[in-house]
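Each chain, written out:
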Amino acid sequence: MPIDVESLKQERDRVKEGLRQIEADARRLDAEVKSLRQREIQAKREIDALTALIEIAETRDRKSVV
């Protein structure tokens, strides 16, 4: 059975287009992950800041009771 070069070329072009779509999806997902990581870091910083304020307030409350 002879190999149909045109069919192979069409298949190659179809796979190339699929690869381009996969690469675009990967770039989009990378950007989304980066955004989520930034939000995670911001939330952790807010928690740390609020924890520090709570500790300061609790320390002041203990000193005023004594």
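Quantities reported herein were computed from a predicted structural model and do not represent experimental measurements.

J.: So what's going on with the overall build of the chain? Residues and values would help.
T.: Along its length, the chain carries one helix and zero strands. Taken over the C-alpha trace, the chain has a radius of gyration of 29 Å; the compact-globule value for 66 residues is 11 Å, which it surpasses by more than 25%. Along the first, second and third principal axes, the C-alpha atoms of the chain reach 95 × 15 × 5 Å. The buried share among the 66 residues of the chain stands at 0%. Total accessible area on the chain stands at roughly 6500 Å², and carbon and sulfur atoms take up 58% of it. Each charge sign in the chain was given a centre, from 15 positive and 15 negative side chains, and these centres are 4 Å apart.

J.: Break down the pattern of salt bridges for me, citing the residues and quoting the values.
T.: Overall, the coordinates contain five salt bridges when judged by the stated rule. Between E11 and R14 there is a salt bridge, and its shortest N-O distance comes to 2.4 Å. Taken together, the residues span about one helical turn, with E11 and R14 both in helix α1 (residues 5-65) at a distance of three residues. Two residues, R28 and E32, come together in a salt bridge whose shortest N-O distance is 3.8 Å. Remark: E32 and R28 occur in helix α1; sequence separation between them is four residues, near one turn of the helix. A relative accessible area of 48% means that R28 is categorised as partly exposed. Exposure remark for E32: the relative accessible area of 40% places this residue in the partly exposed category.

Calculation criteria
- Residues numbered from 1 in each chain as written.
- Predicted model: local features only at pLDDT ≥ 70, side-chain atom pairs only at ≥ 80, totals over all residues.
- Heavy atoms only, no water.
- Helix = DSSP H or I, 4+ residues; strand = E, 2+ residues; numbered from the N terminus.
- Rg over C-alpha atoms; globule rule 2.2 N^0.38 Å.
- Buried < 20%, exposed > 50% of the residue type's maximum accessible area, 1.4 Å probe, protein only.
- Areas by Shrake-Rupley, 256 points an atom, 1.4 Å probe, with all protein chains shown as cover.
- Lys, Arg positive; Asp, Glu negative; His and termini not counted.
- Charge placed at Lys NZ, Arg CZ, Asp CG, Glu CD.
- Salt bridge = Lys/Arg side-chain N within 4 Å of Asp/Glu carboxyl O.

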